[in-house]
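Survey of secondary and tertiary structure
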Amino acid sequence: MSKVNVPELAISDENLRDYLSQGIKRTEEFLEIESASPFNPLTEISQHLLLAGGKRIRPVLVFLAGQFGKPDIDRLAKVAAAIEFIHVATLYHDDVMDEAQIRRGVESANAKFGNTNAILAGDFLFSRASAIAAELGPHVVTALSDTLSVLCEGQIREARGAGNSDPIKHYLEVLKQKTGSLIETSASLGAYVSGADDVSSLALSNYAKNIGLAFQISDDILDLKGDSSKSGKMIGKDLVEGIHTLPVLSALSMDKDSSLKDLLQSVRKNPELIDSTIKKVSDLGGFDVAGIHLESLIDQAMTSLDLLKPGSAKDALVQFAEWLRSEEHTSELQSLAYLVCRLLLEK
């Protein structure tokens, strides 16, 4: 079984704390069982990243959303497992396209097993998600299928680039499709399989849609302003790789003399320019604009929660949204699972 972070929860409700702990454990069991193949090499490749550990933000969100109906732990765990299969499958495919070498602190599947095997293992995980969804009924099948379509569209949109369209609007649309869509589906399906009422379901869906985008923008900011000693990640890695996230895109829109544009070209070959490039982004107001977007998304997420009944589950969602405003979190801890879960689960 994988090592994941599960509750010692930062909430006082012991029943909810125990329920989430049991739910994550059940999800991990489903992930291990359902990803196994009679052909052992396929099992090894498919479980390589899946069971390497993870933040499990989407599964935890499934279980919290389920608290606003009549939660059934096994049905919620199956939803959570199906969503996690889709998430990890997309990581396999992304790493092939990006030629990534490391994922979740271990060698990426493509680096270890080759591109073809990594792609086929990702396809296998998609198939396992479909099989689980079929057990849960047509609505779940449709919801996951539609979400996967949106994920694929977002990936192609990102690969094609902004073209003549506004680069910031393009970037936010990519985030909405590639990151926000599956997080939104996690909340909506958690509510659905628990029989939550329409008002609560819509509120949870809107919360997750906005928090998913806020989550990614916060990560974009931390990639340039975070503490590498805490996160274990190279600050400015996106700059070296030529990836322009919201702070950089915002600064570029105000780069009248093209000085930032020149730095962005140079830093790819000379990482020693990372600090000066980040300073230029800051001087041009890139972080200020990204921060405004972040605050707006968090405010919209918090407003959605006004429609939910009071309780510990709502408190946890509020806490996560507020936490994203702070500068104390690191990209390694940037997930709802890490916020509410602190015990290490081992086999």
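Here's a quick rundown of the structure. Keep in mind the model is a prediction, meaning the values are calculated, not measured.

What follows is about the packing of helix 7 (residues 138–160) against helix 8 (residues 167–193). One can describe the packing of helix 7 onto helix 8 by two numbers: an axis separation of 8 Å at closest approach and a directional angle of 170°. With respect to each other, helix 7 and helix 8 are oriented roughly antiparallel. Along this stretch, helix 7 crosses helix 8, giving a crossing that reads as left-handed. Contact residues: helix 7 offers His-139, Val-140, Ala-143, Leu-144, Thr-147, Val-150, Leu-151, Glu-153, Gly-154, Gln-155, Arg-157 and Glu-158, while helix 8 offers His-170, Glu-173, Val-174, Gln-177, Lys-178, Ser-181, Leu-182, Thr-185, Leu-189, Tyr-192 and Val-193. Its residues assigned to classes, the contact of helix 7 with helix 8 comprises 10 nonpolar, eight polar and five charged.

Among all positions of helix 14 (residues 274–283), only Ile-274, Thr-277, Ile-278 and Val-281 are buried. Summarising the axial view, the buried residues of helix 14 lie within an arc of 100°, below the 170-degree limit, and thus occupy one face. Away from its buried face by more than 90 degrees, helix 14 exposes Asp-275, Lys-279 and Asp-283. One or two residues past the end of helix 14 sits Gly-285, with phi positive at roughly 90°.

Looking now at unusual backbone geometry. Notably, Glu-99 is not glycine yet its phi reads approximately 55°, a positive angle. Of note, Glu-99 is situated in the loop between helix 4 (73–98) and strand 2 (102–103). For Ser-258, which is not glycine, the phi torsion reads 65° and is therefore positive. If you trace the backbone, Ser-258 turns up in the loop between helix 12 (246–252) and helix 13 (259–267).

Attention shifts here to the nonpolar core. Proteins that are soluble and globular tend to have nonpolar side chains buried together. Tyr-92 and Leu-317 are the most contacted members of the largest nonpolar core, which has 96 residues in total. With 14 residues, helix 4 is the single largest residue contributor to this core.

Across the interface, helix 4 lies against helix 7 with an axial gap of 12 Å and an inter-helix angle of 20°. Here helix 4 lies roughly parallel to helix 7, going by the angle between them. Helix 7 is crossed by helix 4, and the crossing has right-handed handedness. Taken together, the residues of helix 7 that come into contact with helix 4 (itself represented by Ala-82, Ile-83, Ile-86, Thr-90, Asp-94 and Met-97) are Leu-144, Leu-148, Leu-151 and Gln-155. Here the residues of the contact of helix 4 with helix 7 are counted per class, giving seven nonpolar, two polar and one charged.

Turning next to the pattern of salt bridges. All chains considered together, the criterion is met by 12 salt bridges. The residue Lys-78 makes a salt bridge to Glu-135 at a minimum N-O spacing of 2.9 Å. Of this pair, Lys-78 sits in helix 4 while Glu-135 sits in helix 6 (residues 115–136), and the two are 57 residues apart along the sequence. Overall, the relative accessible area of 23% leaves Lys-78 in the partly exposed class.

This part takes up helix 13. All of the buried residues along helix 13 are Leu-260, Leu-263, Leu-264 and Val-267. One side of helix 13 carries all its buried residues, which in axial view fall inside an arc of 100°. Structurally, helix 13 contributes buried residues whose contacts are with helix 11 (237–240), helix 12 and helix 14.

For the rest of this paragraph, the subject is the side chain of Lys-314. Within the element layout of this structure, Lys-314 appears in helix 16 (residues 312–323). There is no salt bridge for the buried Lys-314, and the closest opposite charge comes from Asp-306, which lies 5.2 Å off by N-O distance. Here Leu-308 takes part through its backbone oxygen, which lies 3.2 Å from a polar atom of the side chain of Lys-314. Apart from residues lying up to four places away in sequence, Lys-314 is in contact with Phe-68, Leu-305, Asp-306, Leu-308 and Lys-309.

So, how was this worked out
- Residues take numbers from 1 onward in each chain, read along the sequence in its written order.
- Reporting in this predicted model follows two pLDDT cut-offs: at least 70 for local features of residues, and 80 or more for side-chain atom pairs to be given and counted; totals over whole chains, interfaces and linings ignore these cut-offs and use all residues.
- Calculation of side-chain values draws on the structure's entire complement of heavy atoms; hydrogens and water are dropped beforehand.
- Only C-alpha atoms enter the line fits that serve as axes; for helices the fit covers just the stretch in contact. Angles between N-to-C directions range over 0 to 180 degrees.
- Here a helix means four or more residues in a row that DSSP labels H or I, a strand means two or more in a row labelled E, and each is numbered from the N terminus.
- For this classification, under 35 degrees means roughly parallel, over 145 means roughly antiparallel, 65 to 115 means roughly perpendicular, and everything else is oblique.
- Crossing chirality is assigned from the near helix's rotation relative to the far helix, an anticlockwise turn below a right angle marking it left-handed and a clockwise turn marking it right-handed.
- Should any heavy atoms of two residues lie within 4.5 Å, those residues are counted as being in contact.
- Basically, the charged four are Asp, Glu, Lys and Arg, the nonpolar ten are Ala, Val, Leu, Ile, Met, Phe, Trp, Tyr, Cys and Pro, and anything else, Gly included, counts as polar.
- Exposure classes here rest on a 1.4 Å probe applied to the protein chains alone. A residue is buried below 20% of its type maximum, exposed above 50%, and partly exposed in between.
- Note that the arc is computed from the directions linking the helix axis to the C-beta atoms.
- Residues enter a nonpolar core if they are buried and are Ala, Val, Leu, Ile, Met, Phe, Trp, Tyr or Cys, with the set joined through side-chain atoms within 4.5 Å.
- By convention in these notes, a salt bridge is any Lys or Arg side-chain nitrogen within 4 Å of a carboxyl oxygen on Asp or Glu.
- Positive residues here are Lys and Arg, negative ones are Asp and Glu, while His and the chain termini are left out of the count.
- Residues adjacent in sequence count toward polar contacts only when both atoms are side-chain atoms; beyond that, a polar contact is any pair of N or O atoms within 3.5 Å, and within protein one must be able to donate a hydrogen and the other to accept it.

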